[in-house]
Amino acid sequence: MPEILSLAGVSRHFSGLQALRDVSLGIAGGEIVGLIGPNGAGKTTLVNTVCGVTPASAGTVTFAGRDITRLKPYQAARLGLARTFQIVQPFAEFSALDNVATAALFSQPGQSLKAARENAREHLAFVGLDGQADQPASTLTLAMRKRLELAKALAMKPKLLFLDEVNAGLNSAEVEKATALIRQLAAGGITIVMIEHLMKVVLNVCTRIVVLHNGELIADGAPRDVVRNPAVIDAYLGQQYAQRHGAHG
Amino acid sequence: MTRSSIALAVLLAVLALLPLVGGAYALRLGTIACMYAVFALSWNIVGGFLGYPSFATAAFFGFGAYATGVLMTLGVPLPLALVATLITCLLAASVLGAVLLRLRGHYFAIASLSLVEVLREVVNNATDLTGGGMGLNIPLASNSSVLGDALFFFYAMWIVLALTAAMVIAVSASKLGFGLACIRQNETAANMVGLNTTLYKSIAFGLSACFVGVAGGIYAAWVHYIDPSDVFDILYSVKPIVMALIGGLGSPLGVVCGALVYLGLEEVVWRNYIQIHSGLLGLLVVLLLLFLPHGLVSLRTRLFRRKAGHA
Ligand SMILES: Nc1ncnc2c1ncn2[C@@H]1O[C@H](COP(=O)(O)OP(=O)(O)OP(=O)(O)O)[C@@H](O)[C@H]1O
Ligand SMILES: [Mg+2]
């Protein structure tokens, strides 16, 4: 598969703080990439930089053969880049259905509101929220809002989907459900980059792991190699995890 | 069309019958009522639909008054001058909106407020064109009787109101209206689903300006004389906000009712308590907001709920 997304020497700083440092990375179509790293490593910033929320201070981002470094978020979205937010961002007064309809309506040219709503129903059903279609988003539980984020991202018919900690705050049954959905999406042909702290999920789902630490890419490769990488163990996984993993492997 | 849009259309139709029952005084009041309703409906696009607290109404009004006034002194007939005002106002405000609406909350409020000050100063200093602080005399638009004049300006303002209402109803039922509601609720998320928020905000600002500008033009032709401190009065910015709060933020029918109620209060209080009228008016507004925080439109649901409770 050819590369769908590539970052070449991407940096981003916030006044004095270097949140991303010369990151180069290529992602092939069909991959499920796990993006891991300690808190404040720059994972969310990487997503924001690709999506145009906080444009790169240096370097270039290419998506599907097009330079998107300077694109606005709405332009990136229309090209097929979707993301869920670490802190869920619903349209609180809108029903669950209308939340998803917005994505269908604005990401694809020439959509009517009626068509967008019909479209939205399918995606709500896919994430198991069809029973809540007419409920205002503000009344949904956190687990439901996370799934609503996912449905919204899917309604944009993305080529590449960033999932920013979709499992944070969910119980294990809910995590199971979410993981199954992610697998299904990947099988449907969407390239996925997931930021995830639950290593169990990462090892379960991802075909590749990328590790950020202090804004720098410190490891990139097959899951079983990355989790044995001393630099990764040092920066993120910790000795305990490595021993446990070593005992099993 | 929703039920409240139909109710709004009926209300406007009833208002159009005013000349059948009233004389010159009623017509003057009716003209002001239409003007206030134009303010409130227009403000509601940015303040209600989009959720940005705008104080720019006086800027649009004064700009429209002077644009039409200056064109008329140059010999342009009133209808043509109004069309030119409409287009200029729409375009200029759209461009400004793209810039100003980058600011949020209080910052935007203050920026929109300073727009009024800036325009007033510009008009004050462009003495050749506007007469500056001396004011501008505007040629008579018609030379009919006093009552004929009153009738003419009432219907002129009514037509602007009808156009504004039609525009607002169309917007609220459209993709644009849906997008504005998205931006109000969560601008970050709106961007991320592919909504061009800058474009939408800019259109909203343009639409909220153009008919206020035309109303300003008609006002100028109606009163024959304008000066900067009259038409760039900050009160023109504050009133529509109060009207919208009285009527119910976001609802077109609500804000028009709010405008009528406000005018009623203003007239009654002004005529009977002329010495303390601003204070009393302020007190009334505060009381209304305390006891009806969601505006008059919430009365219906409240009464309905109470009835349901009894049953
Ligand atoms: N808009 C911003 N303005 C200023 N600083 C920012 C901004 N966004 C991120 N940062 C800073 O950049 C650094 C990286 O933050 P980022 O959110 O990317 O981390 P993360 O890897 O997603 O962490 P977490 O696991 O906690 O979500 C942090 O120090 C953060 O405070
Ligand atoms: Mg993060």
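This structure is a prediction, so every number in the text was calculated from the model and none was measured. (Residues numbered from 1 in each chain as written. Chains lettered and ligands numbered in written order. Predicted model: local features only at pLDDT ≥ 70, side-chain atom pairs only at ≥ 80, totals over all residues. Heavy atoms only, no water.)

Draft legend 1. Up close: the sheet that holds strand β4 (residues 58–63) of chain A. Residue and element names in this part refer to chain A. In spatial order, the strands read β2-β1-β4-β5; together these 4 strands make up an open sheet with antiparallel pairing. Where the open sheet ends on each side, the last strands, each with one partner, are β2 (17–28) and β5 (66–67). Pairing geometry for β4 and β5, over 2 bridges, is antiparallel. Bridge pairing in β5 links Thr62 to Asp67. Across the face of the sheet, helix α1 (residues 43–51) comes into contact with β1 (3–14), β2 and β4 while running at roughly 110° to β1. (Pairing = 2+ DSSP bridges. Helix = DSSP H or I, 4+ residues; strand = E, 2+ residues; numbered from the N terminus. Contact = heavy atoms within 4.5 Å. Axes fitted to C-alpha atoms, helices over the stretch in contact; angles between N-to-C directions.)

Draft legend 2. Main features of the site of ligand 1. Residue and element names in this part refer to chain A. Around ligand 1 sit 14 residues, and of these Gly40, Lys43, Thr44, Thr45 and Gln86 come closest. Within the contact set of ligand 1, an oxygen atom lies 3.0 Å away from a backbone nitrogen or oxygen of Gly42. Between an oxygen atom of ligand 1 and a side-chain N or O atom of Gln86, the distance comes to 2.8 Å. In isolation ligand 1 exposes 630 Å². Once the protein is present, 62% of that is buried. The residue inventory of the shell around ligand 1, partitioned by class, reads 5 nonpolar, 7 polar and 2 charged. (Near = heavy atom within 4 Å. Polar contact = N/O pair within 3.5 Å; in protein donor to acceptor, adjacent residues only side chain to side chain. Areas by Shrake-Rupley, 256 points an atom, 1.4 Å probe, with all protein chains shown as cover. Nonpolar A, V, L, I, M, F, W, Y, C, P; charged D, E, K, R; others polar.)

Draft legend 3. Representation of the interface of chain B and chain A within the structure. Opposite the 18 residues of chain B that make contact, chain A presents 25 residues. Of the roughly 1900 Å² buried between chain B and chain A, counting both surfaces, carbon and sulfur atoms make up 69%. Broken down residue by residue, the surface that chain B buries against chain A is led by Phe178(B), Met192(B) and Val193(B), which jointly contribute 38%. Applying the counting rule to chain B against chain A returns 1 salt bridge. Counting the contacts that link chain B with chain A gives 10 residue pairs in polar contact (both at pLDDT 80 or more). Contributing elements (two or more residues each) for the side of chain B that touches chain A: α9 (175–185) and α10 (187–192) of chain B. Broken down by element, the residue count for the side of chain B that touches chain A peaks at 7 residues, all from α9(B). Here the side of chain B that touches chain A is built from residues that sort into 9 nonpolar, 7 polar and 2 charged. (Buried area = accessible area lost by both parts, 1.4 Å probe. Salt bridge = Lys/Arg side-chain N within 4 Å of Asp/Glu carboxyl O.)

Draft legend 4. Molecular detail of the sheet that holds strand β9 (residues 208–213) of chain A. All names here are of chain A. Here 6 strands make up an open sheet; going across it, the order is β6-β7-β8-β3-β9-β10 and the pairing mixed. This sheet does not close on itself; its edge strands, each paired only once, are β6 (81–83) and β10 (216–221). Recorded for the sheet is a direction-independent mean angle of 20° between the axes of neighbouring strands. Of the strand pairs in this sheet, β6 and strand β7 (residues 160–164) are connected by 3 bridges, and their pairing is parallel.

Draft legend 5. Looking closely at the side chain of Thr85(B). All names here are of chain B. Looking at the secondary structure, you find Thr85 in helix α5 (residues 78–100). Within the local environment of Thr85, its side chain forms a polar contact with the backbone oxygen of Ala81, the two atoms lying 2.8 Å apart. For Thr85, the contacting residues outside a window of four places in its chain are Gly64, Ala67, Thr68, Gly213 and Val214.

Draft legend 6. A look at empty space enclosed by the protein. Using the criterion set out here, one finds 4 cavities of 30 Å³ or more in the structure. Looking at the largest cavity, its volume works out to about 110 Å³. In terms of lining, the largest cavity is formed by Ala143(A), Lys146(A), Arg147(A), Leu150(A), Val166(A), Leu170(A), Glu174(A), Lys177(A), Ala178(A), Leu181(A) and Ile182(A). Going through the elements one at a time, α5 (142–155) and α6 (172–187) of chain A are the ones with two or more residues in the lining of the largest cavity. For the lining of the largest cavity, a count of residues per class yields 7 nonpolar, no polar and 4 charged. By volume, the second largest cavity is sized at about 50 Å³. The wall of the second largest cavity is formed by Arg83(A), Phe85(A), Glu149(A), Lys152(A), Ala153(A), Met156(A), Ala189(B), Met192(B) and Val193(B). If one sorts the elements of the lining of the second largest cavity by residue count, α5(A) sits on top with 3 residues. By residue class, the composition of the lining of the second largest cavity is 6 nonpolar, no polar and 3 charged. (1 Å grid on protein atoms, 1.4 Å probe; cavity = no way out; pocket = protein on both sides within 12 Å on 5 of 7 lines; lining within 4 Å. Points joined across faces, edges and corners; volume = space filled by probe spheres on them.)

Draft legend 7. Here's a closer look at a nonpolar patch on the surface. All names here are of chain B. A contiguous nonpolar patch, built from Leu283, Val286, Leu287, Leu290 and Phe291 and spanning about 520 Å² of accessible area, is present on the exposed surface. Along the chain, Leu287 turns up in helix α15 (residues 277–291). The partly exposed category is assigned to Leu287, whose relative accessible area is 39%. (Patch = residues over 30% accessible without salt bridge, like charges linked within 9 Å, V, L, I, M, F, W, Y side chains within 5 Å. Buried < 20%, exposed > 50% of the residue type's maximum accessible area, 1.4 Å probe, protein only.)

Draft legend 8. Spatial organisation of the packing of aromatic side chains. All told, the structure shown has 17 aromatic pairs over all chains when counted by the stated rule. With centroids separated by 5.8 Å and ring planes inclined at 80°, the aromatic side chains of Phe106(A) and Tyr200(B) adopt a geometry described as edge-to-face. Placement of the pair is Phe106(A) in helix α3 (residues 96–107) and Tyr200(B) in helix α11 (residues 197–223), with the two residues belonging to separate chains. Look at Tyr219(B) and Trp222(B): their rings are 6.5 Å apart centre to centre, the planes differ by 75°, and that puts the pair in the edge-to-face class. With a gap of 3 residues between them, Tyr219(B) and Trp222(B) both fall in helix α11, about one helical turn apart. (Phe/Tyr/Trp six-rings, centres within 6.5 Å; stacked < 30°, edge-to-face > 60°.)

Draft legend 9. Broad picture of the environment of Gly131(A). Residues and elements named next belong to chain A. With respect to the secondary-structure elements, Gly131 resides in the loop between α4 (113–126) and α5. Taking relative accessible area as the criterion, Gly131 reaches 66% and is therefore assigned exposed. Taking the C-alpha atoms as reference points, Gly131 and Val33, separated by 98 residues in sequence, lie 32 Å from one another.

Draft legend 10. A look at the pattern of salt bridges. What the rule picks out here adds up to 12 salt bridges over all chains. Between Arg208(A) and Glu31(A) there is a salt bridge, with the nearest N and O atoms lying 2.9 Å from each other. In this pair, Arg208(A) is assigned in strand β9 and Glu31(A) in the loop between β2 and β3 (32–36), connecting sequence segments 177 residues apart. For Arg208(A), a relative accessible area of 12% translates into the label buried. On the basis of relative accessibility, which here comes to 16%, the residue Glu31(A) falls in the buried class. Ionic pairing is found between Glu187(B) and Arg104(B), a salt bridge with its closest N-O pair at 3.7 Å. Taken as a pair, Glu187(B) in helix α10 and Arg104(B) in the loop between α5 and α6 (105–125) lie far apart in primary sequence, 83 residues in all. Where salt bridges share partners, they join Glu31(A), Arg208(A) and Asp220(A) into one cluster.

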